[in-house]
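# Overview (structure and organization)
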Amino acid sequence: MNKEITIDYDYEVSFLATPIEPRKFRVKLEDVIQLYTGKGNVCRCGCAGDYVTLAENPKRIKTALKRLASGNYKTTYIDNSVCNELIVEMTISEETDRVWTLYVKKK
Ligand SMILES: [Zn+2]
């Protein structure tokens, strides 16, 4: 049986992120460029983690947005105006240095 995959591009979450002053963001699924899952304190070439794009794995990226919206994870951001990109990072586990990092297109 074929299950049709529908991507809800308008799916949107709100969340708070630090440093300095916590700032509130709204992120739409359609604006997510990619997700990094892996070790945090290493280079990001992909040697200690994986990158997926929205097209490759919309379900995983939606899971990331749900995690953001849950407020259960320490979340930091980098507002990269040069690339017009917002980088949002959740600490999944401090113990094992696991992070999920979302790269989001800014409008
Ligand atoms: Zn590397």
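Attention here is on the structure that accompanies the text. Since this is a predicted model, take the numbers as computed values, not measurements.

For the rest of this paragraph, the subject is helix α1 (residues 58-70). With 13 residues, α1 should cover 18 Å at 1.5 Å per step; its first-to-last C-alpha distance of 18 Å lies within 8% of that length. Where α1 is concerned, the buried positions are P58, I61, A64, L65 and L68. Down the axis of α1, the buried set is contained in an arc of 115°. They therefore lie on one face. Exposed positions of α1 whose direction lies more than 90 degrees from the buried face are K59, K66 and S70. Its buried side turned inward, α1 meets β1 (12-17), β2 (23-28), β3 (32-39), β5 (74-80), β6 (85-93) and β7 (98-105). Two residues or fewer after α1 comes G71, characterised by a positive phi angle close to 70°.

Position of V52 relative to the elements: it lies in strand β4 (residues 49-53). Residue V52 is classed as partly exposed on the basis of its C-beta count, with 17 C-beta atoms lying within 10 Å. Residue contacts for V52: discarding those within four places in its chain leaves Q34, L35, N57 and R60.

Okay, the nonpolar core next. Taken as a class, soluble globular proteins show a tendency for nonpolar side chains to be buried jointly. Ranked by size, the top nonpolar core spans 18 residues in total, and within it V32, L35, A64, L68, V88, L102 and V104 carry the most contacts. Residue assignment for this core shows that the elements contributing at least two residues are β1, β3, α1, β6 and β7. The biggest single contributor to this core is β7, with five residues. Among residues more than four places away in sequence, those in contact with L102 are V32, L35, A64 and V88.

Criteria and cut-off values
- Residues numbered from 1 in each chain as written.
- Predicted model: local features only at pLDDT ≥ 70, side-chain atom pairs only at ≥ 80, totals over all residues.
- Helix = DSSP H or I, 4+ residues; strand = E, 2+ residues; numbered from the N terminus.
- Expected span 1.5 Å × (residues − 1).
- Buried ≥ 20, exposed ≤ 12 C-beta atoms within 10 Å, placed from the backbone.
- Arc of directions from axis to C-beta.
- Contact = placed C-beta atoms within 7 Å.
- Core = buried A, V, L, I, M, F, W, Y, C linked by C-beta atoms within 7 Å.

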